[in-house]
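What the coordinates show
So the chains spell out like this:
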Amino acid sequence: MISANLSAIFYLVSGVLFILALRGLSSPETSRQGNFFGILGMVIAITVTFLSTGNFSTGFLFVLIFILVGGSIGAFIAYRIPMTAMPELVAGFHSLVGLAAVFVAISAFLNPQAFNLGTQGNIKLGSLIEMSIGAAVGAITFSGSIIAFLKLQGVMSGSPITFKGQHPLNAIILLSIILLIYTLCSTQSSNIFWILLAVSFLIGFLLIIPIGGADMPVVISMLNSYSGWAAAGIGFTLENTALIITGALVGSSGAILSYIMCKGMNRSFFSVILGGFGATEETSNNTDKEQRPVKSGNADDAAFLMKNASSVIIVPGYGMAVAQAQHALREMVDTLKKNDIKVSYAIHPVAGRMPGHMNVLLAEANVPYDEVFELEEINNDFANADVAFVIGANDVTNPVAKTDPQSPIYGMPVLDVEKCKSVLFVKRSLSPGYAGIDNDLFYKENTLMLFADAKKMVEEITKAIN
Amino acid sequence: MEIDPLIFRLSIFILSIFVGYYVVWSVTPSLHTPLMSVTNAISSVIIVGAIIAGLSGNSDKVFNTSSIFGFLAIALAAINIFGGFLVTQRMLAMYKKKKKDK
């Protein structure tokens, strides 16, 4: 058994190690070391907890068993999960953090003595407030992440689910949560506590269903942030520095990512959260535009164009992930490089279904990270490039965002793909993208549409080049 | 007059938000996915609360309602800790620089 002061210092150390873990991610070279710091911080926190309780009875054995069981499930998932499923995985993990926070809060509520919070029915006011906030946010994180997971997994339709009176209903529920916490603190009633949890689960569910598939990057980041605040709430209850520091880190990390994602779509955080985007516009404006002439080609045409180019920029999007085309794409790029063609990749901040989604897929396919560029870094290069190869991206290349103030995506930063001498656009059909608007790029003089499955098309082009 | 320890924790909390703010802005966008998985893993440090809860029963009676919730939380958090750190490591191992000979 170690003293409370000593264990507090160790918790502080593990909090600092977690800060270093995030700091390491500032560059790929230091990132692996950062991950190691994170693991070290976790080991210290867990060991110190064991030492401070000083309880090595049968209970301790069961703790180890549960850690082992959970740990092997986690390790199994971590090694088996395909990189394309990363958004689902992260959403699933968020839900677990949320649920764990709820369970810890329930346990503390039922047995406050174990945590030094008073006795049942007479819990310290401050602790009760912290505990109920932690539990409520945890419950919202849990049910919200489950919905996000189902939407990403495709079990649930990615299109927004809206109904009349949705926003007033949500507002009423959120108000009732505050009211319930207030009542809980004055009555200490366990019934109120259970109702609070049930209502929080419900609101998490209702908050996420109106948000559509391509807004998922914002949703995932937001849930990431929530899971942090839930951890911090529990950290206050347990008076644990490691948990408070971590909660604050994770909470602000998720908030920043949501901000970056919203900026990438030029939409306010509120408009994303309120949802419904992409559901209404679809029917209105794709009737007469379908008649416009489109140049379409095959793999040989594409191979000819690229073979005669001296520089090619590749613009990947969510479609590449769906078609699992990243490896085939890398092979195509290798053949291009053999022909002394300069190739780079351009990644829009909201390409894919989560922040950094495309970068991970390209890294998986062994694309060196110094060939991959962010929007601001590469956007001026399109004017000097010969061919832009758009694979699975759509809205993020739409020039309408710069020209038509009426368009729902007006003002969104887009990749200036149309400035290239020629554009190759791999797509299954002419259907509009997520935003439900037609892409002007399809009808440009210098655009050649390649209608096919992304992976198949890329493989055929590789063959044609050789 | 003595300062309530809550104020100290609140100070740590607020300052950590600022630390988080600056640290996360310096994360390169290409590593945003590993950032999410690693924050996932570290937020599972909530396991310390779960362990305290799990050990709250006495030696004759390991399981009571409170400790069962604790044990469940331990398992959930452990999935996250192992899964989160390992998948982050797997991802980070894939980020490679251009080979010199190319």
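Residues numbered from 1 in each chain as written. Chains lettered and ligands numbered in written order. Predicted model: local features only at pLDDT ≥ 70, side-chain atom pairs only at ≥ 80, totals over all residues. Heavy atoms only, no water.

Points about the overall build of chain A
Per the secondary structure count, chain A includes 17 helices and 8 strands. Radius of gyration (C-alpha) of chain A: 25 Å, near the 23 Å computed for a compact globule of 466 residues. C-alpha atoms of chain A, sized along the principal axes, occupy 75 × 50 × 30 Å. The burial tally for chain A puts 59% of its 466 residues in the buried class. When the accessible surface of chain A is summed, it comes to about 18100 Å², and 62% of that surface belongs to carbon and sulfur atoms. Here chain A contributes 26 positive and 32 negative side-chain charges, whose respective centroids are spaced 2 Å apart. (Helix = DSSP H or I, 4+ residues; strand = E, 2+ residues; numbered from the N terminus. Rg over C-alpha atoms; globule rule 2.2 N^0.38 Å. Buried < 20%, exposed > 50% of the residue type's maximum accessible area, 1.4 Å probe, protein only. Areas by Shrake-Rupley, 256 points an atom, 1.4 Å probe, with all protein chains shown as cover. Lys, Arg positive; Asp, Glu negative; His and termini not counted. Charge placed at Lys NZ, Arg CZ, Asp CG, Glu CD.)

Examining empty space enclosed by the protein
Applying the stated rule across the entire model yields 3 cavities of 30 Å³ or more. The wall of the largest cavity is formed by Asn359, Leu362, Ala363, Val367, Pro368, Tyr369 and Val372 of chain A together with Ser30 and Tyr95 of chain B. Of the residues forming the lining of the largest cavity, the biggest block, 3 residues, is contributed by helix 14 (residues 357-364) of chain A. Classifying every residue of the lining of the largest cavity gives 7 nonpolar, 2 polar and no charged. (1 Å grid on protein atoms, 1.4 Å probe; cavity = no way out; pocket = protein on both sides within 12 Å on 5 of 7 lines; lining within 4 Å. Points joined across faces, edges and corners; volume = space filled by probe spheres on them. Nonpolar A, V, L, I, M, F, W, Y, C, P; charged D, E, K, R; others polar.)

A closer look at the confidence of the model for chain B
Looking at chain B, the pLDDT average stands at 88 and 93% of residues meet or exceed 70. Predicted complex metrics record ipTM = 0.93 and pTM = 0.89. (pLDDT = per-residue confidence, 0-100.)

A few points about the packing of aromatic side chains
Counted under the stated rule, the structure contains 15 aromatic pairs over all chains. Ring geometry for Phe142 of chain A against Phe201 of chain A: centres 5.6 Å apart, planes inclined by 80 degrees, an arrangement best described as edge-to-face. Placement of Phe142 of chain A in helix 5 (residues 125-153) and of Phe201 of chain A in helix 7 (residues 190-208) is noted, with a sequence separation of 59 residues between them. Ring-pair connections join several aromatic residues into one group, and the members of that group are Tyr259 of chain A together with Tyr21, Tyr22 and Trp25 of chain B. Seen from the ring of Tyr318 of chain A, Arg353 of chain A lies directly overhead, with NZ or CZ sitting 3.7 Å from the centre. (Phe/Tyr/Trp six-rings, centres within 6.5 Å; stacked < 30°, edge-to-face > 60°. Lys NZ or Arg CZ within 6 Å of the ring centre and 35° of its normal.)

Re helix 14 of chain A
Residues and elements named next belong to chain A. Burial analysis of helix 14 places 7 of its 8 residues in the buried class, the great majority of the element. Buried within helix 14 we find His357, Met358, Asn359, Val360, Leu361, Leu362 and Ala363. In the segment just after helix 14, Asn366 is the residue with positive phi, at about 70 degrees.

What about helix 11 (residues 299-307) of chain A?
All names here are of chain A. Buried within helix 11 are the following residues: Ala299, Ala302, Ala303 and Met306. Buried residues of helix 11 fall within an arc of 100 degrees about the axis and therefore sit on the same side. Exposed and oriented more than 90 degrees from the buried face of helix 11 are Asp300 and Phe304. Looking at the buried residues of helix 11, the elements they touch are strand 3 (311-316), helix 13 (326-338), strand 6 (387-391), strand 7 (422-427), strand 8 (447-451) and helix 17 (454-465). For helix 11, the side-chain oxygen to backbone nitrogen distance between the N-cap and Asp300 is 3.1 Å, and the N-cap itself is Asn298. (Arc of directions from axis to C-beta. Contact = heavy atoms within 4.5 Å. Polar contact = N/O pair within 3.5 Å; in protein donor to acceptor, adjacent residues only side chain to side chain.)

So, the interface of chain B and chain A
Quoted interface sizes are often the accessible area lost when the parts come together. Listed by partner, the interface residues are 78 residues for chain B and 103 residues for chain A. For the chain B and chain A pair, buried surface summed over both sides reaches about 8200 Å², with 78% attributable to carbon and sulfur atoms. Its largest share of buried area at the contact with chain A, chain B owes to Met36, Ile46 and Leu55 of chain B, together 9% of the area lost on that side. Where chain B meets chain A, there are 1 salt bridge. Between Arg9 of chain B and Glu239 of chain A there is a salt bridge, with its nearest N and O atoms 3.5 Å apart. Where chain B packs against chain A, one counts 15 residue pairs in polar contact (both at pLDDT 80 or more). Mapped by element, the contributors of at least two residues to the side of chain B that touches chain A are helix 1 (5-25), helix 2 (32-43), helix 3 (47-54) and helix 4 (65-92) of chain B. A per-element tally of the side of chain B that touches chain A places helix 4 of chain B first, with 25 residues. (Buried area = accessible area lost by both parts, 1.4 Å probe. Salt bridge = Lys/Arg side-chain N within 4 Å of Asp/Glu carboxyl O.)

Remarks on the pairing of strand 7 of chain A
Residues and elements named next belong to chain A. For strand 7, the tally of buried residues reaches 6 of 6 residues, placing the bulk of the element in the interior. The alternating pattern of strand 7 places Ser422, Leu424 and Val426 and Val423, Phe425 and Lys427 on opposite faces, both of which are buried. With 5 bridges connecting them, strand 6 and strand 7 associate as parallel partners. Its bridge partner lying in strand 7, Val387 is registered against Ser422. (Pairing = 2+ DSSP bridges.)

Let's talk about the side chain of Thr28 of chain B
Note that Thr28 of chain B resides in the loop between helix 1 and helix 2. According to the relative accessible area criterion, Thr28 of chain B is buried, its value standing at 19%. If we skip the residues at most four places from it in the chain, Thr28 of chain B touches Leu25, Ser26, Ser27 and Pro28 of chain A.

Focus: the sheet that holds strand 5 (residues 372-374) of chain A
Residues and elements named next belong to chain A. In spatial order, the strands read 5-4-3-6-7-8; together these 6 strands make up an open sheet with parallel pairing. Two strands close off the open sheet at either side, each with one partner strand: strand 5 and strand 8. Here the average twist between neighbouring strands, direction ignored, is 25 degrees. Sheet topology places strand 7 next to strand 8; 5 bridges connect them, and they run parallel. Residue Val426 lies in a different strand from strand 8, and its bridge partner there is Leu450. Sheet strands touched by helix 13: strand 3, strand 4 (342-347) and strand 6. Its angle to strand 4, the strand with the most contacts, is close to 145 degrees. (Axes fitted to C-alpha atoms, helices over the stretch in contact; angles between N-to-C directions.)

Topic: the pattern of salt bridges
Here the idea is simple: oppositely charged side chains can pair when their charged atoms come close. All names here are of chain A. Tallied over the full model, the rule gives 8 salt bridges over all chains. For Arg267, the salt bridge goes to Asp215, with nearest N and O atoms at 3.0 Å. Within this pair, whereas Arg267 is found in the loop between helix 9 (241-265) and helix 10 (269-274), its partner Asp215 is found in the loop between helix 7 and helix 8 (216-238), the two being separated by 52 residues in sequence. The exposure class assigned to Asp215 is buried, which follows from its relative accessible area of 1%. Residues Lys419 and Asp416 are paired through a salt bridge, measuring 3.4 Å at the closest nitrogen-oxygen approach. Owing to a relative accessible area of 47%, Lys419 belongs among the partly exposed residues under this scheme. Classification of Asp416 as buried rests on a relative accessible area of 10%.

Overview of the layout of surface pockets
Within this model, the second largest pocket holds a volume of roughly 750 Å³. Looking at the lining of the second largest pocket, the elements that each hand over two or more residues are helix 1 (4-23), helix 2 (28-53) and helix 9 of chain A together with helix 1 of chain B. Here the residues of the lining of the second largest pocket are counted per class, giving 15 nonpolar, 8 polar and 3 charged.

What about a negative patch on the surface?
Residues and elements named next belong to chain A. On the surface, a cluster of negative charge is made up of Asp300, Asp301, Glu331, Asp453, Glu459 and Glu460. Listed by contribution, the elements that provide at least two residues to the negative patch are helix 11 and helix 17. Along the chain, Glu460 turns up in helix 17. (Patch = residues over 30% accessible without salt bridge, like charges linked within 9 Å, V, L, I, M, F, W, Y side chains within 5 Å.)

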